[in-house]
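Spelled out, the chains give:
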Amino acid sequence: QLLGDQLDLRRLDGQRGIDSGTARHDTQELSRAVARDQLRVHYQPIVDLRSGRVDAVEALVRWQHPTRGLLTPDAFLPLAEAAGLVHIVDRWVLRTAVTSVARWRRLSPSLRDLRVAVNISVGPFLDEVWAHEVQDVLTATGLPPAALTVEVTERSLSSTSPESLAALEVLIRSGCHVAIDDLGTGTSSLALLADIPATELKIDRSFVQSMATDPRRAALVRAMACLGSELGLDVVAEGVEDRRTAEMVTEVGCTHGQGYLWSAPRDVSGLLTLLLP
Ligand code: C2E
Ligand code: CA
Ligand code: CA
Ligand code: CA
């Protein structure tokens, strides 16, 4: 599998004709990072606002760089995206996170119902072949489809292909969840919400964070939560950093919250320390 990805990478690298020498160097380094086991997954809890319990964790990629230290996605994902390599990172994170969460559910009664969310970049690789690969990973690890959420950003969905929409349909039909991520930051029309197969909305933290001080943003959060509940979707408020905001997002009808109030993303041992009794 890894070897296949490596070959894929070289071909893509040549095809896209990356012009700057530095970019080429960084790209080669990134493609080796997967093979050299330098990628990591950190996990951030997503809390059910009614019960106050951790319902799911979002998998967030990190790169343990040999000289630059632990890098967050903004330091390397844009490059991966430009080079057409991001699907390799996404596949690795999906496989790693699903395998881990399936194991935690088996090993610990208190994590029996834990769900996991992974981020997927929308692109030519998001097609039905990919959807079947996801199903194969679920089958191989024994994670039930209902325990997986695939997050795709609103921004990327506005220019998506029929193949990608079909792939998301396949996942939903098989019982997986699909979340529209960073809602409010794209330029898509409301019609998107009618057309995109989704089971969940995630309101971007730029709205949530300023809601306590900005009545207009608060009104938009309320409207998005309302839209979600009318469409029968779960609504996650991102970037909740304090109690007051948690109360406000609960009042306007968000079903879930995520943010530093509960926890920043953590490595595996940090997460398990938080979640295990
Ligand atoms: P995202 O999907 O919106 O993920 C949430 C980001 O918000 C994370 O940043 C998280 O650390 C940060 N965050 C969470 N709670 C709070 C809070 O209360 N306050 C503040 N200020 N920030 C908070 P991170 O880990 O740096 O990830 C950045 C973005 O990179 C993610 O945004 C996601 O779009 C992308 N990303 C991460 N992992 C992957 C991946 O495996 N594949 C793809 N395609 N994208 C990924
Ligand atoms: Ca996300
Ligand atoms: Ca988000
Ligand atoms: Ca965001």
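Coordinates for the structure precede this section.
Below is a short write-up of the structure. (Residues numbered from 1 in each chain as written. Chains lettered and ligands numbered in written order. Predicted model: local features only at pLDDT ≥ 70, side-chain atom pairs only at ≥ 80, totals over all residues. Heavy atoms only, no water.)

Another point: the coordination of the calcium ion (ligand 2). Protein coordination at the calcium ion (ligand 2) comes from Glu58 (OE), Asn119 (OD1), Glu151 (OE) and Asp181 (OD), with a distance range of 2.1 to 2.3 Å. Taken in chain order, the donor set of the calcium ion (ligand 2) reads E-x60-N-x31-E-x29-D. Between the calcium ion (ligand 2) and the calcium ion (ligand 3) the interatomic distance comes to 3.8 Å, and Asp181 is a ligand of both metals. A residue pair is termed long-range when its members are at least 10 positions apart, and Asn119 in strand β4 (residues 115–119) and Asp181 in strand β6 (residues 177–183) qualify at 62 residues. Residue classification places Asn119 among the partly exposed residues on the basis of a relative accessible area of 25%. (Donors = N, O, S within 2.8 Å, 3.2 Å for Na, K, Ca; no water. Helix = DSSP H or I, 4+ residues; strand = E, 2+ residues; numbered from the N terminus. Buried < 20%, exposed > 50% of the residue type's maximum accessible area, 1.4 Å probe, protein only.)

Now for the coordination of the calcium ion (ligand 3). Surrounding the calcium ion (ligand 3) are the protein donor atoms Asp181 (OD), Asp182 (OD), Glu238 (OE) and Glu238 (OE), at 2.1 to 2.7 Å. In terms of primary sequence, the donors binding the calcium ion (ligand 3) are separated according to D-D-x55-E. Exposure remark for Asp181: the relative accessible area of 4% places this residue in the buried category.

Surveying the vicinity of ligand 1 reveals 22 residues, the closest of which are Arg62, Asp90, Arg205, Glu241 and Tyr260. Within the side chain of Arg62, an N or O atom sits 2.8 Å from an oxygen atom of ligand 1. Contact with the protein chains covers 84% of the free accessible surface of ligand 1, which is 800 Å². When contributions to the shell around ligand 1 are tallied by element, the ones reaching two or more residues are β2 (54–65), α4 (86–107) and β6. Per element, the largest residue contribution to the shell around ligand 1 is four residues, and it comes from β2. (Near = heavy atom within 4 Å. Polar contact = N/O pair within 3.5 Å; in protein donor to acceptor, adjacent residues only side chain to side chain. Areas by Shrake-Rupley, 256 points an atom, 1.4 Å probe, with all protein chains shown as cover.)

As a volume, the largest pocket reaches approximately 1300 Å³. Along its surface, the largest pocket is lined by 45 residues, and Leu60, Pro73, Leu77, Asn119 and Asp181 are the ones closest to its centre. Taken together, the elements giving at least two residues each to the lining of the largest pocket come down to β2, α3 (77–82), α4, β5 (148–153), α6 (154–157) and β6. The element contributing the most residues to the lining of the largest pocket is α4, with six residues. Partitioning the lining of the largest pocket into residue classes produces 18 nonpolar, twelve polar and 15 charged. Surrounding the second largest pocket, Asp48, Ser51, Arg53, Val54, Asp55, Pro109, Ser110, Leu111, Arg112, Asp113, Leu114 and Leu275 form its lining. (1 Å grid on protein atoms, 1.4 Å probe; cavity = no way out; pocket = protein on both sides within 12 Å on 5 of 7 lines; lining within 4 Å. Points joined across faces, edges and corners; volume = space filled by probe spheres on them. Nonpolar A, V, L, I, M, F, W, Y, C, P; charged D, E, K, R; others polar.)

For helix α10 (residues 215–230), built from 16 residues, the straight-helix expectation of 22 Å at 1.5 Å per residue is met to within 8% by its first-to-last C-alpha distance of 22 Å. Where the residues of α10 are buried, they touch β6, β7 (200–203), α9 (205–208), β8 (234–237) and α11 (243–251). You can read the cap of α10 off the contacts: a side-chain oxygen lies 3.0 Å from the backbone nitrogen of Arg216, and it is on Asp214. Immediately beyond the C-terminal end of α10, within one or two residues, lies Gly232, with a positive phi of roughly 75°. (Expected span 1.5 Å × (residues − 1). Contact = heavy atoms within 4.5 Å.)

Per the stated rule, a full pass over the model turns up three cavities of 30 Å³ or more. For the largest cavity, the calculated volume is near 60 Å³. For the lining of the largest cavity, the elements supplying multiple residues, two or more each, are β2, β4 and β8. Among the residues making up the lining of the largest cavity, the classes are represented as four nonpolar, two polar and four charged. Within this model, the second largest cavity holds a volume of roughly 40 Å³. Surrounding the second largest cavity, Arg91, Leu94, Arg95, Trp130, Glu133, Val134 and Val137 form its lining. Going through the elements one at a time, α4 and α5 (128–141) are the ones with two or more residues in the lining of the second largest cavity. In terms of residue count, α5 provides more of the lining of the second largest cavity than any other element does, four residues in total. Its residues placed into classes, the lining of the second largest cavity shows four nonpolar, no polar and three charged.

A few words now on the pattern of salt bridges. Under the criterion given, the structure shown has nine salt bridges. A salt bridge links Asp55 to Arg115, with the nearest nitrogen and oxygen atoms 3.7 Å apart. Of this pair, Asp55 sits in strand β2 while Arg115 sits in strand β4, placing them 60 residues apart in sequence. Overall, the relative accessible area of 23% leaves Asp55 in the partly exposed class. Taken together, the shared-partner salt bridges in this structure form one network comprising Glu58, Glu151, Lys202 and Glu238. (Salt bridge = Lys/Arg side-chain N within 4 Å of Asp/Glu carboxyl O.)

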